[in-house]
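Listed below are the residues making up each chain.
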Amino acid sequence: MHYDALAGDHGLPFDPINALVSPRPIGWISTLSADGVPNLAPYSYFNLVAAKPGVVMFGSSSLKDSQRNVEQTGEFVCNLATWDLREAVNRSSVPAGPEVDEFALTGLKTAPSRWVRPPRVAMAPAALECRYIETVALPTGAPGQLHKASLILGLVVGVYINDANLVEGRVDVTRMRPLARLGYMDYSVTDDVFIMERAV
Ligand SMILES: Cc1cc2nc3c(=O)[nH]c(=O)nc-3n(C[C@H](O)[C@H](O)[C@H](O)COP(=O)(O)O)c2cc1C
């Protein structure tokens, strides 16, 4: 098949696009509201887009609590979503009002961040502490019509790694077993790694 993506005429029972850009890492975003209420939610439109200094992005399909909190407070943390934490990751995605603290909802313990105010997920093996850069409005392809979704960018100002995941000075992802999102309701987990030296 080969279809017009703006028209969306794939004719399939479900939109295949998320399955075609997969696996996607999951940024498990913790924030504080302007009133100080903790918030936690997974975002798979998420990635590291630059290093030295690190820049991350997440895409919010509409204006949700995480985006609002980031824009109002200027800070967020991207916790690493892992196989061991998968049920809590899923549970923290329930639609809940801004007054709901998803740490309390999921029973997850917080740990203080060092460079930003939102806490991290204590059990997550790694976390990126981020300072908000900007929100990018997205086009739809229709003249003058913006997407409901936005892209939120952040500068990584602090990195937490649980030292148990360091082997000979390198992060061993097979110990962390990061979770990734595929299409539909599908997920994958990284527990197998191979090395390929850079071509010269
Ligand atoms: C694994 C997973 C990945 C998700 N990725 C996204 C995403 O990239 N963008 C988005 O808007 N919603 C995503 N969602 C849905 C949000 O987590 C959900 O709408 C959540 O309630 C938003 O919380 P908030 O309002 O506290 O930010 C995802 C859900 C799951 C389970």
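Predicted, not measured: the structure shown is a model, and the values here were computed from it.

Engineer: How should helix α2 (residues 65-73) be read in this particular structure?
Structural biologist: Residue pairs three or four apart in sequence face the same way in an α-helix, which turns once every 3.6 residues. Listed as buried for α2 are Asp 65, Ser 66, Gln 67, Asn 69 and Val 70. On its buried face, α2 sits against β2 (27-32), β3 (38-43), β5 (55-60), β6 (75-80), β9 (126-139) and β10 (146-161).

Engineer: What should I look at first to understand the sheet that holds strand β14 (residues 187-189) in this one?
Structural biologist: Strand-to-strand pairing in sheets goes through backbone hydrogen bonds, with the strands running parallel or antiparallel. The sheet built from 3 strands is open, its strands ordered β1-β13-β14 with antiparallel pairing. What marks the edges here is a single partner per strand, and that holds for β1 (24-25) and β14. For strand β13 (residues 179-181) and β14, the ladder comprises 3 bridges, and the chain directions are antiparallel. Bridged to Ala 180 within β14 is Ser 188.

Engineer: Teacher, can you tell me more about the site of the ligand here?
Structural biologist: For the ligand, the set of nearby residues contains 18 residues, the closest of which are Asn 39, Tyr 43, Tyr 45, Ser 61 and Ser 66. In the environment of the ligand, an oxygen atom lies 2.8 Å from a nitrogen or oxygen atom belonging to the backbone of Tyr 45. In the environment of the ligand, an oxygen atom lies 2.8 Å from a nitrogen or oxygen atom belonging to the backbone of Ser 61. Looking at the shell around the ligand, the elements that each hand over two or more residues are β3, β5 and α2. Here the shell around the ligand gets 4 residues from one element, more than from any other, and that element is β3. Residues that form the shell around the ligand fall into these classes: 7 nonpolar, 7 polar and 4 charged.

Engineer: Is there a simple way to think about the sheet that holds strand β4 (residues 46-50) in this case?
Structural biologist: Pairing is antiparallel across the open sheet formed by 7 strands, whose spatial order is β3-β2-β6-β9-β10-β5-β4. Single-partner strands in this sheet number two, and they are β3 and β4. On average, each strand axis in the sheet is inclined to that of its neighbour by 35 degrees, with strand direction left out of account. In this sheet, β6 lies alongside β2 in antiparallel orientation, the contact comprising 4 bridges. Among the inter-strand pairings, Gly 27 is bridged to a residue of β6, identified as Leu 80. In the packing of α2 onto the sheet, contacts are made with β2, β3, β5, β6, β9 and β10, and the angle to β2 comes to roughly 50 degrees.

Engineer: I keep staring at the environment of Pro 16 and nothing clicks. Help me out?
Structural biologist: With respect to the helices and strands, Pro 16 occurs in the segment before α1 (17-20). Residue Pro 16 is classed as buried on the basis of its relative accessible area, which comes to 9%. With 109 residues separating them along the chain, Pro 16 and Pro 125 place their C-alpha atoms 31 Å apart. With sequence-adjacent residues up to four places away left out, Pro 16 is seen in contact with Tyr 3, His 10 and Tyr 184.

Engineer: Even after reading the chapter, I still don't get the pattern of salt bridges, so can you show me in this structure?
Structural biologist: Once their charged atoms are close, side chains differing in charge can pair, the charge on each being opposite to the other. Counting across every chain of the model gives 4 salt bridges. Of the charged contacts, one joins Asp 172 and Arg 175 as a salt bridge, the two residues approaching to 3.7 Å between their closest N and O atoms. Taking the relative accessible area as the measure of exposure, Asp 172 reaches 21% and is therefore partly exposed. For Arg 175, a relative accessible area of 48% translates into the label partly exposed.

Procedures and definitions
Residues numbered from 1 in each chain as written. Predicted model: local features only at pLDDT ≥ 70, side-chain atom pairs only at ≥ 80, totals over all residues. Heavy atoms only, no water. Buried < 20%, exposed > 50% of the residue type's maximum accessible area, 1.4 Å probe, protein only. Helix = DSSP H or I, 4+ residues; strand = E, 2+ residues; numbered from the N terminus. Contact = heavy atoms within 4.5 Å. Pairing = 2+ DSSP bridges. Near = heavy atom within 4 Å. Polar contact = N/O pair within 3.5 Å; in protein donor to acceptor, adjacent residues only side chain to side chain. Nonpolar A, V, L, I, M, F, W, Y, C, P; charged D, E, K, R; others polar. Axes fitted to C-alpha atoms, helices over the stretch in contact; angles between N-to-C directions. Salt bridge = Lys/Arg side-chain N within 4 Å of Asp/Glu carboxyl O.

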